[in-house]
Amino acid sequence: MRYQPSSKLRTDMSFRREEWDLLVRLPGRLVVAATLAEPGTHRRSVAEGLAGIEAVAAGRSSMSRLVRDIVTAIYDEPDDDQLPGDERIDPVTAVAEVLIACRSAAAVLAERLGREDADAYRHWLESIATRVCHATRSGELFGYPGQPVSATQRQFLAALCHALAG
């Protein structure tokens, strides 16, 4: 069964419902995983959350219609699936699950889309993770501050790029 995204969205690509849900939910899951990539940062901060929100929203200006439609879908989703603020998350499990989801998303994109849209989605996810890692490291909200990311964060970002490459 094919899932056509809501009529509010302009994408004419058909995905199975679980594929579309994966693509739409992955950016938010990635924000959480990026905050957990640095040891000792099991609590997400306001700076990280804001950096993640801003990076996700930046997809609205993407040249890729797919990325723009996914951002629209993200903002149209109800908040029912949000984690409670006091929920304990195992960092190792959360990061591993997101990397597995990234591999799945890369496979879906390779099967369903041309290289341009697949690359745009991949680069958008990479930029989200990079911005959150910089915010985690420095507390800066926007842009890329002079403070470099840690070795652990670089490993996470490299694993992310590898997972998204398919």
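As the structure is a prediction and not an experimental result, all values here were calculated from the model.

Which residues make up the overall build of the protein, and what values do they have?
Within the protein one finds six helices and zero strands. Beginning at the N terminus, the succession of helices and strands in the protein can be written as α-α-α-α-α-α. The buried share of the protein, taken over its 166 residues, is 43%. For the protein, the exposed area adds up to about 9100 Å²; of that, 52% sits on carbon and sulfur atoms.

Go over the nonpolar core, please, and point to the residues and values.
Counting residues in hydrophobic clusters, the biggest one holds 43 residues, and the most contacted among them are Tyr-121, Trp-124 and Phe-156. Of all elements in the fold, only helix H1 (17–36), helix H2 (46–57), helix H3 (65–76), helix H4 (91–112), helix H5 (115–138) and helix H6 (151–164) reach the threshold of two or more residues within this core. A per-element tally of this core places H1 first, with ten residues. What Tyr-121 contacts, discounting residues up to four positions off in sequence, is Leu-22, Leu-23, Leu-26, Pro-27, Leu-66, Val-67, Ile-70, Ala-105 and Leu-109.

Can you break down the environment of Ala-34 residue by residue, with the values?
Its place among the elements puts Ala-34 in helix H1. With a relative accessible area of 0%, Ala-34 lands in the buried category. Remark: the alpha-carbon pair of Ala-34 and Ala-129, spanning 95 residues in sequence, is separated by 5.5 Å.

Report on the packing of H1 against H4, specifying residues and quantitative values.
It is the contact of H1 with H4, at a shortest axis distance of 9 Å, that shows an interaxial angle of 145°. Of the two possible hands of crossing, H1 and H4 adopt the one that is left-handed. For the pair formed by H1 and H4, the contact residues are Glu-19, Leu-22, Leu-23, Leu-26, Arg-29, Leu-30, Ala-33 and Leu-36 on the first element and Pro-91, Ala-94, Val-95, Glu-97, Val-98, Ala-101, Cys-102, Ser-104, Ala-105, Val-108, Leu-109 and Arg-112 on the second. By residue class, the composition of the contact of H1 with H4 is 15 nonpolar, one polar and four charged.

Describe the packing of H1 against H3, and please don't skip the residues or the numbers.
Between H1 and H3, whose axes approach to 9 Å, the crossing angle comes to 75°. One element, H1, and the other, H3, form an angle in the roughly perpendicular class. From H1, Trp-20, Leu-23, Val-24 and Pro-27 reach across to H3, where they touch Leu-66, Asp-69, Ile-70, Ala-73 and Ile-74. Looking at the contact of H1 with H3, its residues break down into eight nonpolar, no polar and one charged.

Please give an account of the confidence of the model for the protein that cites residues and values.
Fine structural detail should not be taken from predicted coordinates in areas where pLDDT scores are low. Residue-level pLDDT values for the protein average 81, and 75% of them are 70 or greater. Under a pLDDT of 50 for its full length, residues 1–5 has, in the predicted model, 18 contacts with residues more than four places off or in other chains. Taken as a whole, residues 82–86 scores under 50 in pLDDT and shows one contact with residues more than four places along the chain or in a different chain.

Reading the values: rules and limits
Residues numbered from 1 in each chain as written. Predicted model: local features only at pLDDT ≥ 70, side-chain atom pairs only at ≥ 80, totals over all residues. Heavy atoms only, no water. Helix = DSSP H or I, 4+ residues; strand = E, 2+ residues; numbered from the N terminus. Buried < 20%, exposed > 50% of the residue type's maximum accessible area, 1.4 Å probe, protein only. Areas by Shrake-Rupley, 256 points an atom, 1.4 Å probe, with all protein chains shown as cover. Core = buried A, V, L, I, M, F, W, Y, C linked by side-chain atoms within 4.5 Å. Contact = heavy atoms within 4.5 Å. Axes fitted to C-alpha atoms, helices over the stretch in contact; angles between N-to-C directions. Left-handed = near helix turned anticlockwise from the far one by under 90°. Nonpolar A, V, L, I, M, F, W, Y, C, P; charged D, E, K, R; others polar. Parallel < 35°, antiparallel > 145°, perpendicular 65-115°, else oblique. pLDDT = per-residue confidence, 0-100.

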